[in-house]
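Tertiary structure, described
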Amino acid sequence: MPIAAIGGLRVKAGLRRPEFFFHSLRSLLQARRAEGVIAAKVFPAENMFFSLSVWDSAASMKRFAMSGAHRRAMAASARVAVVFPFHIFDCATVPTPQEALQLWQARQRERES
């Protein structure tokens with residue numbers, strides 16, 4: 001069964017936006033070409049930016065996360081943004097951004113209670 005991952009961040013300051021967009025675009029392009037990817041997108045919501053990706057396996061997702069542009073983006077993330085947790089869930093179909101966002105919000109509420 002495919003797995004989806006959704007995570008969010010808030011860019012720290014306007015001066016960090018160019019660096020954020022640089023890393024986001026390169027990571028998104030890498031994800032869309034990665035082995036095992038089913039879908040990958042970045043979208044804005046609630047004054048934040050979210051990434052949503054769907055993978056054929058946890059191993060494919062991990063290989064992507066630990067390599068290339070995404071790895072460099074993670075190294076820069078503390079300087080560029082406030083990063084919120086990623087949540088991973090099984091999915092039978094590719095969720096819409098709204099469906100994934102609702103799940104992310106529910107999981108965040110669970111973490112905070």
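Scroll up to find the structure this text is about.
Figured I'd write up the structure that's included with this text. (Residues numbered from 1 in each chain as written. Predicted model: local features only at pLDDT ≥ 70, side-chain atom pairs only at ≥ 80, totals over all residues. Heavy atoms only, no water.)

1. Some points on the nonpolar core
Side chains of a nonpolar character, in soluble globular proteins, are inclined to be buried together. Grouped together as the largest cluster of nonpolar side chains are 14 residues, with contacts concentrated most on Ala 4, Ile 6, Phe 43, Phe 50, Leu 52, Phe 89 and Trp 104. Mapped by element, the contributors of at least two residues to this core are strand 1 (3–11), strand 2 (37–45), strand 3 (48–55) and helix 4 (97–112). The element contributing the most residues to this core is strand 3, with four residues. When sequence neighbours within four positions are dropped, the list of residues in contact with Leu 52 reads Ala 4, Ala 5, Ile 6, Ala 39, Ala 40, Lys 41, Phe 43, Pro 95, Thr 96, Pro 97 and Ala 100. By size, the runner-up hydrophobic cluster in this structure holds nine residues, among which are Leu 28, Ala 31, Trp 55 and Phe 64. (Core = buried A, V, L, I, M, F, W, Y, C linked by side-chain atoms within 4.5 Å. Buried < 20%, exposed > 50% of the residue type's maximum accessible area, 1.4 Å probe, protein only. Helix = DSSP H or I, 4+ residues; strand = E, 2+ residues; numbered from the N terminus. Contact = heavy atoms within 4.5 Å.)

2. A closer look at the layout of surface pockets
If you add up the space inside the largest pocket, you get close to 550 Å³. Contributing to the lining of the largest pocket are 34 residues, with Ser 27, Ser 51, His 70, Met 74 and Phe 86 lying nearest its centre. Counting residues per element, the lining of the largest pocket draws most heavily on helix 1 (residues 17–33), which supplies seven residues. The residue makeup of the lining of the largest pocket, split by class, is 22 nonpolar, nine polar and three charged. (1 Å grid on protein atoms, 1.4 Å probe; cavity = no way out; pocket = protein on both sides within 12 Å on 5 of 7 lines; lining within 4 Å. Points joined across faces, edges and corners; volume = space filled by probe spheres on them. Nonpolar A, V, L, I, M, F, W, Y, C, P; charged D, E, K, R; others polar.)

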